[in-house]
Amino acid sequence: MSHDFLQPLTGSFACPAAENPTVAMIEAAFRHHGLPWRYINCEVAPEDLGAAVAGARAMGWRGFNCSIPHKVAVIDHLDGLGDSARIIGAVNTIVARDGKLIGENTDGKGFVRALRQICDPAGHRAVVLGAGGAARAVAVELALAGVTHLTIVNRSAARGETLARLITEKTPAEAVYHPWDGTFAIPAGTGIVVNATSVGLYPDVEATPDIDHDSLQPDMVVSDGIHNPPRTRLLQAAQARGCRTADGLGMLVGQGVIGLKYWTGIDADAEVMRQALLDLDL
Ligand code: NDP
């Protein structure tokens with residue numbers, strides 16, 4: 001009887017890596033779908049990133065994720081970029097295609113995938129709170145998904161203006177920067193509100209982005225990138241005002257589903273992956 005003891009490998013390079021729950025979610029999907037694949041969570045220091053990528057190449061890894069602080073630096077070690085990763089200027093998922101390592105960015109794609117369970121973003125106006133890495137990925141993918149106008153609200157004007165310019169110049173949507181000096185009121189006519197700042201992240205769970213909750217209308221979809229805790233104060237306030245909401249776990253699972261599709265070709269069961277994260281009781 002012949003055996004195949006060679007398991008296809010994927011994984012993650014980050015620093016720190018110990019608190020990243022992605023391995024639990026991805027390996028739950030491998031098990032559920034009967035795939036003999038593995039996902040190896042690796043702590044990789046910035047100065048070792050090139051060697052780690054060379055190692056993944058040498059060992060025939062099918063792909064890997066990159067998280068903080070490697071999302072931009074990894075680009076120098078790859079053979080090409082997907083379209084939105086090129087616009088965003090950062091990569092979180094690497095895929096081995098025909099012997100080449102191609103960088104993709106699934107942060108924003110995962111967000112849009114989760115949002116689509118609630119509404120089609122096409123034709124809407126959006127407010128994005130934040131202008132960091134997550135906001136950049138979310139804003140670009142919203143624009144590519146047909147959002148017509150984005151208001152970028154951010155504390156640092158330089159980052160906010162840079163993101164608004166990027167959207168206007170590189171995507172079909174128009175974007176403006178709005179300074180965050182005092183409580184921000186969501187403009188009437190906004191369809192989608194996204195918190196892409198780190199405000200509300202554990203352990204600072206009582207913190208909430210400084211927006212006027214009374215400006216939230218029931219026809220708005222309010223989403224939060226924070227996955228720990230999934231039910232943030234912002235989402236609680238939005239639900240109390242009759243808004244539909246999308247949580248950060250949906251974004252995390254969405255990224256995983258898209259990454260698994262890139263690596264294995266399967267359409268992974270999002271519910272199994274979400275449950276694997278919930279079982280961790282983050
Ligand atoms: P960055 O450090 O790149 O950006 C942080 C952003 O938050 C900046 O816009 C920053 O504003 C803003 N910010 C921080 N503190 C405050 C504050 N007190 N008031 C107002 N704005 C503030 O981080 P990332 O973009 O990589 O990550 C942001 C969040 O998104 C994290 O909490 C992360 O957990 C989450 N995330 C979730 C994912 C998921 O799958 N659910 C995936 C990726 C990220 P300024 O520019 O002025 O400093």
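Residues numbered from 1 in each chain as written. Predicted model: local features only at pLDDT ≥ 70, side-chain atom pairs only at ≥ 80, totals over all residues.

- Naming follows an unreviewed UniProt entry, where the protein appears as Shikimate dehydrogenase (NADP(+)) of Salipiger marinus.
- Under the UniProt heading Function (unreviewed entry), the entry covering the protein gives this text: "Involved in the biosynthesis of the chorismate, which leads to the biosynthesis of aromatic amino acids. Catalyzes the reversible NADPH linked reduction of 3-dehydroshikimate (DHSA) to yield shikimate (SA)."
- As stated in UniProt under Pathway (unreviewed entry), the record for the protein gives "Metabolic intermediate biosynthesis; chorismate biosynthesis; chorismate from D-erythrose 4-phosphate and phosphoenolpyruvate: step 4/7." (UniProt positions renumbered as here; feature names shortened; annotations may be inferred.)

1. Examining the pairing of strand E8 (residues 149-154)
- Where burial is concerned, most of E8 is hidden: 5 out of the 6 residues are buried.
- Judged from the 5 bridges that link them, strand E7 (residues 125-129) and E8 form a sheet pairing that is parallel. Across the sheet, the residue bridging to Ala-126 is Leu-150, located in E8.
- In this view, the connection linking E7 to its parallel neighbour E8 by way of helix H5 (residues 133-144) has right-handed handedness.
- Pairing analysis gives 6 bridges linking E8 to strand E9 (residues 174-179), with the strands arranged parallel. (Buried ≥ 20, exposed ≤ 12 C-beta atoms within 10 Å, placed from the backbone. Helix = DSSP H or I, 4+ residues; strand = E, 2+ residues; numbered from the N terminus. Pairing = 2+ DSSP bridges. Right-handed = clockwise from strand over helix to strand, strands pointing away.)

2. Quick look at the sheet that holds strand E1 (residues 9-14)
- Spatial strand order, E2-E1-E3-E5-E6-E4: 6 strands in an open sheet with mixed pairing. The open sheet has two edge strands, strand E2 (38-43) and strand E4 (80-81), and neither has a second partner.
- Pairing geometry for E1 and strand E3 (residues 63-66), over 2 bridges, is parallel. Along E3, the bridge assignment pairs Ser-12 with Asn-65.
- With respect to the sheet, helix H1 (residues 22-32) is in contact with E1, E2 and E3, its orientation differing from that of E2 by roughly 170°. (Contact = placed C-beta atoms within 7 Å. Axes fitted to C-alpha atoms, helices over the stretch in contact; angles between N-to-C directions.)

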